[in-house]
Amino acid sequence: MFRVIENRMIVPNIHLLEIEAPAVASEVRPGQFVILRVNEDGERIPVSIADWDREKGTIMTTILTIGGTTGDLAKVPAGADIPTVVGPLGNATAIDMFGTVLCIGGCYGIGSIYPIARALKEKGNRVITAIEARSSYLFYWEDKLEKVSDRIIHITRDGTKGFRGHVGRILEIMKASSETIDRIIINGCTFLMKRGTDASRPFGIKTIVSLNPIMIDGTGMCGVCRVTVGSNTKFACVDGPDFDGHQVDWQELLQRRKTYVREEAVAFRTSRCEEHRTKP
Amino acid sequence: MAEPQKKKLDLNRREMPKQPPEVRKHNFGEVALGYSIENAVREAERCLQCKKPLCVSKCPVEIDIPGFIKSVAQRDFTTGIKVLKEKNLLPAVCGRVCPQEEQCEEVCVLVKKGGQIAIGRLERFLADWEASQETVGIPEIPPSTGRKVAVVGGGPAGLTVAGDLIKLGHQVTIFEALHKLGGVLTYGIPEFRLPKAIVNREVDYLRRLGTEIVPDFVIGKTRTIESLLKEYNAIFIGAGAGLPWFMNIPGENLNGVYSANEYLTRMNLMKGFLFPEYRTPIKEHKQVAVVGGGNVAMDCARTALRLGAETRIIYRRSREELPARLEEVENAEEEGIIFEFLTLPIRYIGDENGWVKEIEYLKMKLGEPDASGRRSPIPIEGSQTKLSVDAVVCAIGNSPNPLIPATTPGLTMGKKGNIVADEQTGKTSMDRIWAGGDVVTGAATVILAMGAGRKAARSIHEYLCSLS
Ligand SMILES: Cc1cc2nc3c(=O)[nH]c(=O)nc-3n(C[C@H](O)[C@H](O)[C@H](O)COP(=O)(O)OP(=O)(O)OC[C@H]3O[C@@H](n4cnc5c(N)ncnc54)[C@H](O)[C@@H]3O)c2cc1C
Ligand SMILES: Cc1cc2nc3c(=O)[nH]c(=O)nc-3n(C[C@H](O)[C@H](O)[C@H](O)COP(=O)(O)OP(=O)(O)OC[C@H]3O[C@@H](n4cnc5c(N)ncnc54)[C@H](O)[C@@H]3O)c2cc1C
Ligand code: SF4
Ligand code: SF4
Ligand code: FES
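Just so it is clear, the model here is predicted, and its values are computed rather than measured.

Novice: Explain the domain arrangement of chain B here, please?
Specialist: You'll often see interface size given as the accessible area lost when the parts meet. Residues and elements named next belong to chain B. Per the domain assignment, the segments making up chain B are domain 1 (21-131), domain 2 (148-241 + 401-466) and domain 3 (246-396). Computed over C-alpha atoms only, the centres of domain 1 and domain 3 are separated by 32 Å. The interface of domain 1 with domain 3 comprises 12 residues on the first partner and 12 residues on the second. Between domain 1 and domain 3 lies a buried interface of about 1,000 Å² when both sides are counted; carbon and sulfur atoms form 50% of it. The largest contributions to the domain 1 side of the interface with domain 3 come from Arg24, Lys25 and Phe28, which together make up 56% of the buried area. Residues glutamate 334 and arginine 24 are paired through a salt bridge, measuring 3.0 Å at the closest nitrogen-oxygen approach. The tally of links between domain 1 and domain 3 comes to nine residue pairs in polar contact (both at pLDDT 80 or more). Among the secondary structure elements, those contributing two or more residues to the side of domain 1 that touches domain 3 are α1 (21-24) and α6 (91-97). Taken together, the residues that form the side of domain 1 that touches domain 3 break down as six nonpolar, two polar and four charged.

In structure tokens form, the structure reads like this:
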């Protein structure tokens, strides 16, 4: 059993969960994830670890409510226990002295890009963090991100903060301010990662994405998380989740993520979460 | 109490009642229903109580077979279960899933006359009888030796090691990656062949014996073997062979193409058949093809059938070479699974939404026997054929997961990704580390995994006793 220390909605539809999981907290490195289960009959879902406190033995996750399980998770009160928190799973994001690194985060990825930016900064890189949201009120953790970034860039669909548009504009923005980018790392929804990758492709900048296919065990046992990278099949949970975005077969990933849409609609309708039924 | 009397040979092997195929193909309840007391006693009375019982020689854990059978014949079930449990921690499991026809029962003296004793069924009977009693006895545990053992993996191998060592007074902790113990018994073998209540009961028994159980803990990720070595005197690795193989043919990543592990895990571990009450979805398909011919393939096909699909087994050799247990093949046939023999998929074809809609396959013919002793399949040129499907389950095999070896550089590995361990003791190339079960042999059987666990436990015990 794992105690939920804190659970609150930090912006509409995104919950910040702090969970007591000492074994995970003591081993975690940036870019890794856990698999959670909300109750005994619950589904296993992967979520990235957005921060941790090794001394307290806790981890933090930022969770976007989109379906049955994330809906159930949003409802767990602080002080309650959830049955499964297993990890840290996957490989850590490669951290090295790259030069100038552009970290891009959107939706839950605004949270999970944070420890990556922090580690890159500690390594001595120039860190530029770009966060994207539909509107300015959906940004969170800006203060935390500012502390570990040399520069922070906001992009909003409605233009209420920073640049207007979506992440596809990012290299144009970089060029305008004469930044030379040595590496790009993107965390967040599949579309965001794909768009960022498409944008960087013409510039040939190495772009690392944290893939989010459907998963069950997270240990390489079931194979549901397979993705095509280059021309090889990889299991995202053990070979990833980070891959070179320019090698990823995005079409296949987007398709595979749709496998259970019909069933998920049923799960969502029967979700125990009453107040967050509006899809973002 | 009637002593079994010297009477003329009774070759009439008692049948075990089963749910009729028409009924069982619509439910997930157990197929075989078990002996009644009368039937069990009758069956037990047939045993000749051989002085040098051949049957025992072929049981990987050397159960005193005539001994427990005699107790059944005498209706002394309490003694019977005790005899069984001396050698086998999981009789309710082995009685159901052991390939008895090629082990104990294969060499029973009565086999030549076609009347071999139904050893497995009797074993199951006793275990079920015990479970039906109010209390299951707990053996007395000697005082703690203060020695600590870490067991990695809660499958049959790990459970056996834990059970043996805890009974010797050592402190045992089992680390399991999934949220439930049992290994393949829990996530792989379906409910209709092995009810999960049985596995839970056995795990619970271990817990009551004082075993510490830590689920949701992945060795190699949450903690390394190296770090465990600092805290434990000895480590046993029983991580199984859980890495699924694919054929690397075009279209394998289409939606609707599953590994057997995914399909079975959704069903068994996650209870997909109870969706949406249980939250993990499983698709209901109309036409399912299962590729492979082993127990795993039979389990997948019979699962798909129960979810309402017309189901085919696609196997590249003929019926004779099927590696699955004959009993399971017959069950599958009775239930209406269609067998496509001598067929080899070469490509999966998808629809516009990325869902599999057809298999393209080649017809095969049988050639000379290969290394496995079975006749090898040879493709017939120009025999490409297509078959409509809406799901494919790939059940062509598994190998050990590389997580532990990748994080334990000192372990000597075999060619197939298996951990190399001594056959008699389970000792690996590293000091204080033992291994056994599928992670050493590659995918094998429950009883072999348990046998390996038993040998390793013995060797670990010797080692622990040697510590001053
Ligand atoms: C490595 C990794 C890290 C992730 N990190 C985060 C995170 O930090 N915060 C966050 O909010 N989300 C994260 N996700 C996505 C998250 O796992 C899914 O949103 C979640 O599983 C949806 O479950 P649901 O029942 O609420 O929604 P559903 O209604 O079941 O699904 C909604 C959509 O999510 C996808 N999905 C469904 N089940 C899974 C599954 N088991 N694994 C992955 N995707 C699935 C499907 O494409 C589906 O269309 C991560 C995914 C991966 C693989
Ligand atoms: C579908 C199916 C049907 C079968 N039918 C039969 C049958 O009828 N009869 C028969 O005799 N055999 C059958 N088998 C084979 C039999 O189940 C296996 O040989 C047996 O379970 C092997 O036992 P094990 O303990 O070595 O490994 P497993 O049962 O595989 O258990 C290994 C355990 O270790 C855990 N683990 C793995 N890695 C880690 C890690 N890094 N950290 C922590 N835990 C870890 C796994 O999650 C798992 O729980 C079948 C197998 C399958 C898949
Ligand atoms: S454990 Fe298996 S081989 Fe041994 S007696 Fe029982 S059924 Fe036979
Ligand atoms: S070989 Fe057959 S008849 Fe003889 S003891 Fe064993 S089970 Fe009984
Ligand atoms: S989630 Fe099962 S293999 Fe990756």
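Having seen the model, we can carry on.
Novice: Just checking my understanding: could you explain the packing of aromatic side chains for this structure?
Specialist: When we look at a pair of aromatic rings, we describe it by the centre distance and by the angle of the planes. This structure, assessed with the given rule, holds 11 aromatic pairs over all chains. Judged by centre distance (5.4 Å) and plane angle (20°), the ring pair of Phe339(B) and Phe341(B) falls under stacked. Residue Phe339(B) is classed as buried on the basis of its relative accessible area of 15%. Every member of this aromatic cluster is reached through a ring pair, and the members are Tyr114(A), Tyr140(A) and Trp141(A). We note Lys148(B) situated over the ring of Tyr232(B); from NZ or CZ to the ring centre the distance is 5.0 Å. The lysine or arginine in question, Arg306(B), covers the ring of Phe192(B), its NZ or CZ lying 3.9 Å from the ring centre.

Novice: I tried to follow the site of ligand 3 on my own but got confused; where do I start?
Specialist: In the vicinity of ligand 3 lie 13 residues, with Cys59(B), Cys98(B), Gln103(B), Cys104(B) and Glu123(B) positioned nearest. Its residues placed into classes, the shell around ligand 3 shows nine nonpolar, three polar and one charged.

Novice: What should I look at first to understand the sheet that holds strand β8 (residues 84-89) of chain A in this one?
Specialist: Strand pairing in a sheet relies on backbone hydrogen bonds. The paired strands run either parallel or antiparallel. Residue and element names in this part refer to chain A. Taken in spatial order, the three strands of this open sheet run β4-β3-β8, and their pairing is antiparallel. Each edge of the open sheet carries a strand with a single partner, namely β4 (45-48) and β8. Mean inter-strand twist for the sheet, computed between neighbouring axes without regard to direction, equals 25°. Taken together, the four bridges between strand β3 (residues 33-37) and β8 define a ladder with antiparallel strand orientation. When the bridges of β8 are listed, arginine 37 appears paired with threonine 84.

Novice: Explain the interface of chain B and chain A here, please?
Specialist: Taken together, the 40 residues of chain B in the interface contact 46 residues of chain A. Looking at the side of chain B facing chain A, the largest losses of area belong to Lys221(B), Asn253(B) and Arg279(B), adding up to 24% of the total buried there. Connecting chain B to chain A are one salt bridge. Between Arg279(B) and Asp72(A) there is a salt bridge, with the nearest N and O atoms lying 3.4 Å from each other. For the pair chain B and chain A, the number of links is 19 residue pairs in polar contact (both at pLDDT 80 or more). Elements that contribute at least two residues to the side of chain B that touches chain A include exactly β5 (243-244), β6 (257-259) and α12 (260-267) of chain B.

Novice: Help me out: how do you make sense of a nonpolar patch on the surface in this one?
Specialist: Residue and element names in this part refer to chain B. Where nonpolar side chains cluster on the molecular surface, the patch consists of Leu9, Leu11, Leu48, Leu54 and Val109 and spans about 380 Å² of accessible area. As for its position among the elements, leucine 48 is in the loop between α2 (37-45) and α3 (54-57). Assessed through its relative accessible area of 42%, leucine 48 is described here as partly exposed.

Novice: Help me understand the state of the cysteines in this model?
Specialist: Here a disulfide denotes a covalent bond joining the sulfur atom of one cysteine to the sulfur atom of another. Throughout the structure, instances matching the rule amount to one disulfide over all chains. Covalent S-S linkage joins Cys107(A) and Cys189(A), the inter-sulfur distance amounting to 2.3 Å. Measuring the twist about the S-S bond at about 120°, one finds the Cys107(A)-Cys189(A) disulfide to be right-handed. Separated by 82 residues along the polypeptide, Cys107(A) in the loop between β9 (100-106) and α3 (109-112) and Cys189(A) in the loop between β13 (183-187) and α7 (190-200) bring together distant segments of the chain. With a relative accessible area of 27%, Cys189(A) lands in the partly exposed category. Left unpaired, Cys94(B) is separated from the closest cysteine sulfur, that of Cys98(B), by 4.6 Å. Of the cysteine sulfurs around Cys300(B), a residue in no disulfide, the closest is that of Cys394(B), at 9.7 Å.

Novice: Just to check I follow, could you spell out unusual backbone geometry for this structure?
Specialist: Negative phi characterises most residues that are not glycine, and trans characterises most peptide bonds. Omega for the bond connecting Gly87(A) with Pro88(A) falls within 30 degrees of zero, at 0°, which places this linkage in the cis form. Positionally, Pro88(A) belongs in strand β8. Look at the link from Gly240(A) to Pro241(A): it is a cis peptide, with omega at 5°. Look at Ser178(A): it is not a glycine, yet its phi comes out positive at around 55°. Residue placement: Ser178(A) occurs in the loop between α6 (170-176) and β13. In this model, Gln49(B) sits at a positive phi of 50°, which is unusual for a non-glycine residue.

Novice: I keep staring at helix α14 (residues 326-335) of chain B and nothing clicks. Help me out?
Specialist: Helical geometry: 3.6 residues make up each α-helical turn, so side chains three or four residues apart lie on a common side. Buried residues of α14(B): Glu328(B), Val329(B), Asn331(B), Ala332(B) and Glu335(B), and no others. Projected down its long axis, α14(B) shows its buried positions confined to an angular sector of 160°, all on one face.

Thresholds, definitions, all that
- Residues numbered from 1 in each chain as written.
- Chains lettered and ligands numbered in written order.
- Predicted model: local features only at pLDDT ≥ 70, side-chain atom pairs only at ≥ 80, totals over all residues.
- Heavy atoms only, no water.
- Domains from an automatic or database assignment.
- Contact = heavy atoms within 4.5 Å.
- Buried area = accessible area lost by both parts, 1.4 Å probe.
- Salt bridge = Lys/Arg side-chain N within 4 Å of Asp/Glu carboxyl O.
- Polar contact = N/O pair within 3.5 Å; in protein donor to acceptor, adjacent residues only side chain to side chain.
- Helix = DSSP H or I, 4+ residues; strand = E, 2+ residues; numbered from the N terminus.
- Nonpolar A, V, L, I, M, F, W, Y, C, P; charged D, E, K, R; others polar.
- Phe/Tyr/Trp six-rings, centres within 6.5 Å; stacked < 30°, edge-to-face > 60°.
- Buried < 20%, exposed > 50% of the residue type's maximum accessible area, 1.4 Å probe, protein only.
- Lys NZ or Arg CZ within 6 Å of the ring centre and 35° of its normal.
- Near = heavy atom within 4 Å.
- Pairing = 2+ DSSP bridges.
- Axes fitted to C-alpha atoms, helices over the stretch in contact; angles between N-to-C directions.
- Patch = residues over 30% accessible without salt bridge, like charges linked within 9 Å, V, L, I, M, F, W, Y side chains within 5 Å.
- Areas by Shrake-Rupley, 256 points an atom, 1.4 Å probe, with all protein chains shown as cover.
- Disulfide = S-S within 2.5 Å.
- Arc of directions from axis to C-beta.

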